[in-house]
Each structure stands twice: as C-alpha cells, then as structure tokens.
Amino acid sequence: METNILYTHKDLVEKSKSGDRNSQYRLYQLYVDAMYNTSMRMLGIKEDAEDIIQDSFIEAFRNLKSFRYESTFGSWLKRIVINKSINHLKLKKIPVVPIQNHEYYVSEETNNPIKPIEINKIKNAIKTLPNGYRQIINLYLIEGYDHIEIAEILGITVSTSKSQYHRAKKKLIDIINTM
C-alpha cells in the first residue's frame, strides 16, 4: 500500500485529535454513509445500525490519539463499526455459526451451475440469509476480510470460518435460484 494513502484526511484527523469539533464533524460527514452501510449489511435493522454508527464515532473520537496511521482512518473506523456490530449481534444472542443439523443447513452437493445474475437480486438474497450466514458473507465478500481476520473478529477457528462461508454461499445460491 502506498504511504500517502495511509495519510488520507490527515489534516482533519490531526485537528480532530486536538479536539477541533469542526474537523470531527467533517470526518463524520465523510464517513457516516459508508459506515452506516457496513453496519446495516451486518445488522439488517436500520435503528440498530444508526445506534452502532453513533457509538462507533464516539469511540473513534475518544480514542483518536491512539490512531497511528498504520491503516487509513476509514479502515480503522470500519474495524470499530464491524466489531461493534458483531458485539451487538452477540448481545442479542444471534448465533454466528449454525450447527449442521440447523434448519438452514445445506448439503455439500449441488448440481446447479451458477448463472450470471443482476446485483440487486444478490443483495436481496443476502438480506434473507440467516444472520450467521449473512455475517460471514458480508465480512468475506462485501467487506473483503480473509478467513483469518474473520476468525479473529468472530472468535471462531479459521476452518469454521471457511466451512461457514461455504455453507452460506450454497444457501445464497439456493435462495437466488428460487427467486
């Protein structure tokens, strides 16, 4: 990654670190929509996503002095949003990893070839996935995390992340094929 990319909005971040409310508000304006979309994909409930975003920005601004430009500000903030979203789901006791005998379990065999589909159909299908499956799909496909990072974020093993993703993908294909 190029060094200058890590310093995106550095002036605003540095002013925000010193307590400049206008700079904090500007950072908020720049990132609120993207962070809301990230949380909404994870939670699926508008009000919960809005609460998570507010909490995330408060935490980010409180801990801004610890931000060291090891990543972009957006990546750092996104990690906060994702962690808060996952913690919210855990508090609601929504299982992250369904067991094989669960009603949404999909067998390993499929004979249906994947056909090109329009993106809105895929987005709608993702919304109908069970929460555990939707989490894995969003983290891997949409947010771009690898299985090691997902395992770390969700507190599961790498192999569980991979198998859960595989099942979620098959369930997603089944949903899309019935739409």
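Residues numbered from 1 in each chain as written. Predicted model: local features only at pLDDT ≥ 70, side-chain atom pairs only at ≥ 80, totals over all residues. Heavy atoms only, no water.

**Observations concerning the overall build of the protein**
Phase 1 of the analysis: What the protein contains, in helices and strands, is nine helices and zero strands.
Phase 2 of the analysis: When the helices and strands of the protein are listed from N to C terminus, the series reads α-α-α-α-α-α-α-α-α.
Phase 3 of the analysis: In the protein, buried positions account for 40% of the 179 residues.
Phase 4 of the analysis: Long-range contacts, defined here as pairs at least 24 residues apart, represent 69% of the contacts in the protein between residues at least 6 apart. (Helix = DSSP H or I, 4+ residues; strand = E, 2+ residues; numbered from the N terminus. Buried < 20%, exposed > 50% of the residue type's maximum accessible area, 1.4 Å probe, protein only. Contact = heavy atoms within 4.5 Å.)

**Comments concerning the packing of aromatic side chains**
Phase 1 of the analysis: Counted under the stated rule, the structure contains nine aromatic pairs.
Phase 2 of the analysis: Taking 5.9 Å as the distance between ring centres and 90° as the angle between the ring planes, the aromatic pair formed by Phe67 and Phe73 counts as edge-to-face. As far as burial versus exposure is concerned, Phe67 and Phe73 are alike and both buried.
Phase 3 of the analysis: A network of ring pairs unites the aromatic residues Tyr31, Phe67, Tyr69, Phe73 and Trp76 as a single cluster. (Phe/Tyr/Trp six-rings, centres within 6.5 Å; stacked < 30°, edge-to-face > 60°.)

**Looking at the nonpolar core**
Phase 1 of the analysis: Residues Ile86, Ile137, Leu139, Leu154 and Leu172 are the most contacted members of the largest nonpolar core, which totals 25 residues.
Phase 2 of the analysis: At five residues, helix 9 (residues 158–178) tops the list of elements feeding residues into this core.
Phase 3 of the analysis: The next biggest cluster of nonpolar side chains, apart from the first, holds 18 residues, and it includes Tyr31, Phe57, Phe61 and Phe73. (Core = buried A, V, L, I, M, F, W, Y, C linked by side-chain atoms within 4.5 Å.)

**A closer look at the side chain of Asn138**
Phase 1 of the analysis: Residue position: Asn138 is located in helix 7 (residues 131–142).
Phase 2 of the analysis: A distance of 2.5 Å separates a polar side-chain atom of Asn138 from the backbone oxygen of Arg41.
Phase 3 of the analysis: In contact with Asn138, other than residues within four places in its own chain, are Arg41, Met42, Ile126 and Glu143. (Polar contact = N/O pair within 3.5 Å; in protein donor to acceptor, adjacent residues only side chain to side chain.)

**Remarks on unusual backbone geometry**
Backbone geometry follows two general trends: most residues other than glycine have a negative phi, and most peptide bonds adopt the trans configuration.
Phase 1 of the analysis: Phi is positive for Tyr69, close to 65°, though the residue is something other than glycine.
Phase 2 of the analysis: Within the secondary structure layout, Tyr69 lies in the loop between helix 4 (46–62) and helix 5 (73–91).

**A word on the packing of helix 3 (residues 21–43) against helix 4**
Phase 1 of the analysis: For the pair helix 3 and helix 4, interaxial distance at closest approach is 9 Å and the crossing angle is 135°. As the angle between them shows, helix 3 and helix 4 are arranged oblique. The two elements helix 3 and helix 4 cross, and the hand of that crossing is right-handed. Together, Gln24, Leu27, Tyr28, Tyr31, Val32, Met35, Tyr36, Ser39, Met40 and Leu43 of helix 3 and Lys46, Asp48, Ala49, Glu50, Ile52, Ile53, Gln54, Phe57 and Phe61 of helix 4 make up the contact between the two elements.
Phase 2 of the analysis: The residue makeup of the contact of helix 3 with helix 4, split by class, is 13 nonpolar, three polar and three charged. (Axes fitted to C-alpha atoms, helices over the stretch in contact; angles between N-to-C directions. Parallel < 35°, antiparallel > 145°, perpendicular 65-115°, else oblique. Left-handed = near helix turned anticlockwise from the far one by under 90°. Nonpolar A, V, L, I, M, F, W, Y, C, P; charged D, E, K, R; others polar.)

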